[in-house]
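# Geometric and topological summary
Here is how the chains run, residue by residue.
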Amino acid sequence: MRKPLVVALCALALAGAGATPAVAAAPSPTGADTTTGTAPATSLTDVVNDTVGAVADTLSGLTAPKSAAVNFAGTVSLSNCSGSVVRMPDSAASDPALVLTNGHCLESGFPSPGQVLTDRASSRTFGLLNASGAKVATLRADRLVYATMTDTDAAIYRLNTTYAQIKSSYGIEPLTLSSSRPAAGTAISVVSGYWKRIYSCSVDGFVHRLKEGDWTWKDSVRYTSACDTIGGTSGSPVVDDVTGKVVAVNNTGNEDGARCTVNNPCEVDENGGVTVRRGINYAQQTYPFTACFTTGNRLDLSASGCTVPKP
């Protein structure tokens, strides 16, 4: 799972010394985020996150592959992950805005296998980025609408502001979730709000079952090797370079070549055959969610065509 392991002292030392920071590594499940949404610049956590973000900006400016068609507008940074402000194909400008990230990025820790969370109170904050990757606002959730790590790895928060208010205040539109399954060979960009970095590659194919530790995901997207995502890119939107729509949410990669362990997912085919691809990274498709939201961006798990896991 692509979460960062960042030590505040190291970040501050790097920022002061101008040294090149090391890439973040993904921790075990005990490293889950415990931030509860305190206001920016008023807590040590937020000060450290801002410092790390500044260091990351410097790094990404030197090393990040950029997509000509895709930018950072509408993406967000979390304390431990990446994410994006998203709309469903039929969302209205007056609807409360939604933020998409991974289930394993929850402030409460990793959901257990089989666990689905819905309609929970949340005051989590998100740093909204503009096209160049600069933070222009802090957005706040009022509800965790949905989260799970079963079959998929996704979390959707509802904000206390509408798409129209975000557009009026900051000139930023949400990203739209595609209602169609992506195709192999599709050119994509993985846009990390945490690192302010864009990875460009293609959909290499799809995985019948992707197993990592106690969790199993279905029909996962496998990237070509150019998308060598790192810790902190969890929750990044995977954007179709042609349509500009979100087709998946970035969530993991095999780091060490181990078999089916945390941070080392394995592929399991229809016959139970296992394949390990060291250094290859993955995402979870998002089109199933478009059938699960109705008027006013309300979650309706009983809606026709809604196939995501239910509580």
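Since the model is a prediction, treat every value here as computed from it, not as a measurement.

Secondary structure assignment for the protein chain yields 3 helices and 18 strands. The 311 residues of the protein chain split such that 55% are buried. For the protein chain, the proportion of contacts with a sequence separation of at least 24, taken over those separated by at least 6, is 68%. For the protein chain, the exposed surface amounts to about 12,200 Å²; the carbon and sulfur share of it is 52%.

Our focus in this paragraph is the pairing of strand E12 (residues 237-240). Every second residue of E12 is oriented toward a common face, with Pro-237 and Val-239 on one face and Val-238 and Asp-240 on the other, all of them buried. Note: strand E9 (residues 187-192) against E12, 3 bridges, orientation antiparallel. Of the residues in E12, the one forming a bridge with Val-190 is Val-238. Where E12 and strand E13 (residues 246-253) come together, 3 bridges link them in antiparallel fashion. Within E13, the position partnered with Val-238 by the bridge is Ala-248. Connecting E12 to the antiparallel partner E13 that follows it, the hairpin turn spans 5 residues, and Gly-244 within it adopts a positive phi of roughly 75°.

This prediction gives the protein chain a mean pLDDT of 85; 79% of its residues lie at or above 70. Under a pLDDT of 50 for its full length, residues 5-67 has, in the predicted model, 95 contacts with residues more than four places off or in other chains.

Counting through the fold element by element, Val-145 comes out in strand E6 (residues 135-148). Linking Val-145 and Leu-117, residues 28 residues apart in sequence, is a C-alpha distance of 7.8 Å. Other than its neighbours up to four places away in sequence, Val-145 contacts Leu-117, Thr-118, Asp-119, Ile-156, Tyr-157, Arg-158, Phe-293 and Leu-299.

If you walk through the whole model with that rule in mind, you get 9 salt bridges. Here Arg-143 ties to Asp-119 by a salt bridge, and the two come within 3.1 Å at their closest N and O atoms. Of this pair, Arg-143 sits in strand E6 while Asp-119 is found in strand E4 (residues 116-121), placing the two residues 24 residues apart along the sequence. Since its relative accessible area comes to 22%, Arg-143 is described here as partly exposed. Taking the relative accessible area as the measure of exposure, Asp-119 reaches 52% and is therefore exposed. One continuous salt-bridge network, built from bridges that share partners, spans Asp-204, Arg-222, Glu-267 and Arg-277.

A word on unusual backbone geometry. For residues that are not glycine, phi is negative in most cases, and the peptide bond is trans in most cases. At Asp-119, a residue that is not glycine, the phi angle is positive and equals roughly 50°. If you check the backbone angles, Asp-219 has positive phi at about 55° while not being a glycine. Structurally, Asp-219 can be placed in strand E11 (residues 215-223).

To continue, consider the pairing of strand E10 (residues 197-212). Relative to E10, E9 is paired through 6 bridges, and the arrangement is antiparallel. For Val-190, the partnering residue across the bridge sits in E10 and is Tyr-199. Between E9 and E10, which pair antiparallel in sequence order, lie 4 residues; one of them, Lys-196, sits at a positive phi of approximately 55°. Examined bridge by bridge, E10 and E11 share 8 bridges and lie antiparallel to one another. Among the inter-strand pairings, Val-207 is bridged to a residue of E11, identified as Ser-220. Linking two consecutive strands that pair antiparallel, namely E10 and E11, is a turn of 2 residues; a positive phi of about 60° is found at Gly-213 within it. Looking at chain direction, E10 and strand E14 (residues 266-268) are connected through 3 bridges and run antiparallel. From the neighbouring strand, Leu-210 faces E14, where its bridge partner is Glu-267.

Turning to the state of the cysteines, a few remarks are in order. All told, the structure shown has 4 disulfides when counted by the stated rule. Paired by a disulfide, Cys-81 and Cys-105 hold their sulfur atoms 2.1 Å apart. The chirality of the disulfide connecting Cys-81 with Cys-105 is left-handed, given an S-S dihedral of about -90°. Here Cys-105 lies in the loop between strand E3 (96-101) and E4 and Cys-81 lies in the loop between strand E1 (75-77) and strand E2 (82-87), a separation of 24 residues in the sequence. Assessed through its relative accessible area of 0%, Cys-81 is described here as buried. Residue Cys-105 is classed as buried on the basis of its relative accessible area, which comes to 0%. Put simply, Cys-260 and Cys-266 are joined by a disulfide, and their sulfur atoms are 1.9 Å apart. Because the sign of the S-S torsion sets the handedness, a value of about 100° for the bond joining Cys-260 and Cys-266 places this disulfide among the right-handed ones.

Basis of the calculations
- Within each chain, residues carry numbers counting from 1 in the order of the written sequence.
- This being a predicted model, a pLDDT of at least 70 is required before a residue's local features are given, and a value of 80 or more before pairs of side-chain atoms are given or counted; all residues contribute to the totals for chains, interfaces and linings.
- As a convention, hydrogens and water are excluded, and side-chain values are obtained from all of the structure's heavy atoms.
- Each helix is a run of DSSP H or I of at least 4 residues and each strand a run of E of at least 2, with the numbering of both proceeding from the N terminus.
- Three labels apply to residues, based on accessible area from a 1.4 Å probe with only protein chains included: buried if under 20% of the type maximum, exposed if over 50%, partly exposed otherwise in between.
- Contact definition: two residues touch when any of their heavy atoms are within 4.5 Å.
- Each accessible area is a Shrake-Rupley estimate made with a 1.4 Å probe; only the visible protein chains count as cover when residues are assessed.
- In this analysis, strands are considered paired if DSSP registers two or more bridges between them.
- The predictor attaches a confidence to each residue, called pLDDT, with possible values from 0 through 100.
- Just to be clear on terms, a salt bridge is a Lys or Arg side-chain nitrogen sitting within 4 Å of an Asp or Glu carboxyl oxygen.
- Note on terminology: disulfide denotes any pair of cysteine sulfur atoms within 2.5 Å.

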